[in-house]
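# Analysis of the macromolecular model
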Amino acid sequence: MPPDVSPHQAHFCANPTAAKGGKHGHKDTEMNAPDRFELFLLADGEKKITEATDTRTPNTSIFTINKEDHTLGNMVRAQLIQNPHVNFAGYKIPHPLFATFELRVQTDGELSPKDALVAACKGLVGDLETLSREFTKEYELRKMVSGDGADK
């Protein structure tokens with residue numbers, strides 16, 4: 001172990017010589033993880049979402065959503081399973097280093113998987129607008145009650 005690297009740093013770093021540089025004891029150029037901007041910016045020609053029909057199961061599609069993770073995956077899945085025409089909705093993260101998830105949606109045939117996903121997204125947008133409005137209202141009320149209002 002190099003003399004300027006503490007045992008604590010070497011324990012949490014796979015490469016002890018890299019432990020002395022960069023944020024959190026790592027040099028960003030020596031890590032296996034992709035650059036942070038790659039986790040949310042689409043590359044040229046990269047689509048946000050693609051659909052592939054699952055030929056093994058009727059009325060089923062697999063949507064690949066790029067530059068998103070468990071946060072959106074779980075919200076969309078939860079919204080989808082509230083729809084009575086959706087028989088199955090689940091997602092998986094193919095690899096933890098890449099911000100992509102695959103969403104499998106199976107419907108009863110009265111509604112296509114794509115239409116079910118669009119409806120779920122519209123429902124989520126409505127729910128999040130309500131959350132934002134209620135949060136802002138509550139925040140402003142608490143500001144007025146605690147005296148942090150415009151009189152300062």
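Residues numbered from 1 in each chain as written. Predicted model: local features only at pLDDT ≥ 70, side-chain atom pairs only at ≥ 80, totals over all residues. Heavy atoms only, no water.

### Looking at the side chain of Gln79
With respect to the helices, strands and loops of the structure, Gln79 is situated in helix H2 (residues 70-80). According to the relative accessible area criterion, Gln79 is buried, its value standing at 16%. For Gln79, the residues in contact, after removing those within four places along its chain, are Ala120, Gly123, Leu124 and Asp127. (Helix = DSSP H or I, 4+ residues; strand = E, 2+ residues; numbered from the N terminus. Buried < 20%, exposed > 50% of the residue type's maximum accessible area, 1.4 Å probe, protein only. Contact = heavy atoms within 4.5 Å.)

### Quick notes on the packing of aromatic side chains
Going through the model one piece at a time under the given rule, you end up with one aromatic pair. Each ring, one from Tyr91 and one from Phe101, has its centre 5.8 Å from the other, and the planes form 70°; the classification is edge-to-face. Residue Tyr91 is found in strand E3 (residues 86-92), and its partner Phe101 is found in strand E4 (residues 100-107); the two are separated by ten residues along the sequence. Since its relative accessible area comes to 23%, Tyr91 is described here as partly exposed. Take Phe101: its relative accessible area is 1%, and that puts it in the buried class. (Phe/Tyr/Trp six-rings, centres within 6.5 Å; stacked < 30°, edge-to-face > 60°.)

### Re the pairing of strand E1 (residues 49-53)
Judged from the five bridges that link them, E1 and strand E2 (residues 60-66) form a sheet pairing that is antiparallel. Following the sheet pairing, Ile49 is matched in E2 by Ile65. Remark: six residues form the turn of the hairpin made by E1 and E2, two consecutive strands paired antiparallel; Asn59 in that turn has positive phi of roughly 55°. (Pairing = 2+ DSSP bridges.)

### Thoughts on the pattern of salt bridges
In the structure shown here, the tally under the stated rule is eight salt bridges. With its nearest N and O atoms 3.4 Å apart, the salt bridge here joins Lys137 to Glu134. With Lys137 and Glu134 both in helix H3 (residues 113-146), this residue pair falls three residues apart, about one helical turn. The class of Glu134 is partly exposed, set by a relative accessible area of 38%. The closest approach of N and O atoms between Lys143 and Glu140, which form a salt bridge, is 3.7 Å. Here the residue Lys143 and the residue Glu140 both occupy positions in helix H3, the gap between them amounting to three residues, near one helical turn. By relative accessible area, Lys143 is classed as partly exposed at 26%. The network of salt bridges with shared partners includes Asp54, Arg56 and Arg104. (Salt bridge = Lys/Arg side-chain N within 4 Å of Asp/Glu carboxyl O.)

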